[in-house]
Amino acid sequence: MKLSFQTAGPAGDLTILVHTAVPQEEREALAQRLLALPELEASRVYFLLPPAGDGVIRLEAPHGVFSGNALAFGALSFAAARGVRREKKLPVEMAGLEQACTVHVNPLAGHATVDLPLPLGAEKVPFLGQTVPVVVFPGIVHALWQEGALPEDGTLLPALQALAQSWDCPAAGAMGWNFRTQAMTPVLWLPGESSLRHRPTCSSGAAAAAAWSALRGGQGHRKLDVRQPGGVVQTAAVGQPGALRRLTASFPVSLGPTYELTF
């Protein structure tokens, strides 16, 4: 198979966007081969597909893992392929979501704002001896750890696997979140992996903090500039206490080169 794919995101945390049509039953094995390429050091693979609904493009990952970052990368890739240089709002679909998400992308500035799907749930649950806020999106669940540094990976890994199972999600994240300084350290467990991924940027994790603050903090509107290792993610939750109408995350985006390989 001759494969065309493109990288997106910062070095050391690349997302691979596969442009070639790949049969669904072959995608998981192919994704593992791409992730194993030592030259790229990529952390995830999304397949770009024709839209199934109102979107301009559709993204799909093995196991249906959700990623706000990938929505932005998909929008930027679509815009670049069509020569779009000015700011534009694009509806982008992702497998597992009922509706397309609006992505406001600015190719020249290298910036995107993603309208994330609203959380399916948000509550405090026991997690590694603490009671922590948990925010559930379609395709990923995030635990907001506010008790100092995150536990070691050996302790965190089985806890995140159990968290994903209990919420019937394919992936889970632990966000080490300092509410006072808005510093956040994202750590993710992805299906089929035996180790954790320490991510420089996780837009859905940052948005989970804004959603929790708006839903449980007595404020219907909440803006947070969340400082993650890879930079600041600007988030906004709009609604009223107990109910959100909109949740957004804004962050820098970039595309890498396009590759063609024969597998």
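See the structure printed just above.
The structure reproduced in this document is the subject of the present report. (Residues numbered from 1 in each chain as written. Predicted model: local features only at pLDDT ≥ 70, side-chain atom pairs only at ≥ 80, totals over all residues. Heavy atoms only, no water.)

### Here's the deal with the pattern of salt bridges
On inspection of all chains with the given rule, the structure shows six salt bridges. Residue Glu93 is joined to Arg58 by a salt bridge in which the shortest nitrogen-to-oxygen separation is 3.1 Å. Taken as a pair, Glu93 in strand 5 (residues 88-94) and Arg58 in strand 4 (residues 57-60) lie far apart in primary sequence, 35 residues in all. When sorted by exposure, Glu93 lands in the same class as Arg58, which is buried. Among the ionic pairs, Glu193 bridges to Arg197, the shortest N-O distance being 3.0 Å. (Salt bridge = Lys/Arg side-chain N within 4 Å of Asp/Glu carboxyl O. Helix = DSSP H or I, 4+ residues; strand = E, 2+ residues; numbered from the N terminus. Buried < 20%, exposed > 50% of the residue type's maximum accessible area, 1.4 Å probe, protein only.)

### Focus: the nonpolar core
If you look at the biggest cluster of nonpolar residues, it comprises 57 residues, and the most contacted ones within it are Leu59 and Leu144. Considering each element in turn, this core owes the most residues, nine residues, to helix 4 (residues 203-216). In terms of nonpolar packing, the next biggest core, distinct from the first, is built from 21 residues, Ala143, Ala159, Leu163 and Val187 among them. (Core = buried A, V, L, I, M, F, W, Y, C linked by side-chain atoms within 4.5 Å.)

### A word on the packing of aromatic side chains
Counting across every chain of the model gives four aromatic pairs. Arranged with centres 5.3 Å apart and planes meeting at 20°, the rings of Phe5 and Tyr259 form a pair that is stacked. On the criterion of sequence distance, the pair formed by Phe5 in strand 1 (residues 2-8) and Tyr259 in strand 17 (residues 255-262) is long-range, its members being 254 residues apart. The buried category is assigned to Phe5, whose relative accessible area is 1%. A centroid spacing of 6.3 Å and a plane angle of 25° characterise the contact between Phe66 and Phe137, whose relative ring orientation is stacked. Remark: Phe137 occurs in strand 9 (residues 130-137) and Phe66 occurs in the loop between strand 4 and helix 2 (68-81); sequence separation between them is 71 residues. Both residues of the pair, Phe66 and Phe137, belong to the buried class. (Phe/Tyr/Trp six-rings, centres within 6.5 Å; stacked < 30°, edge-to-face > 60°.)

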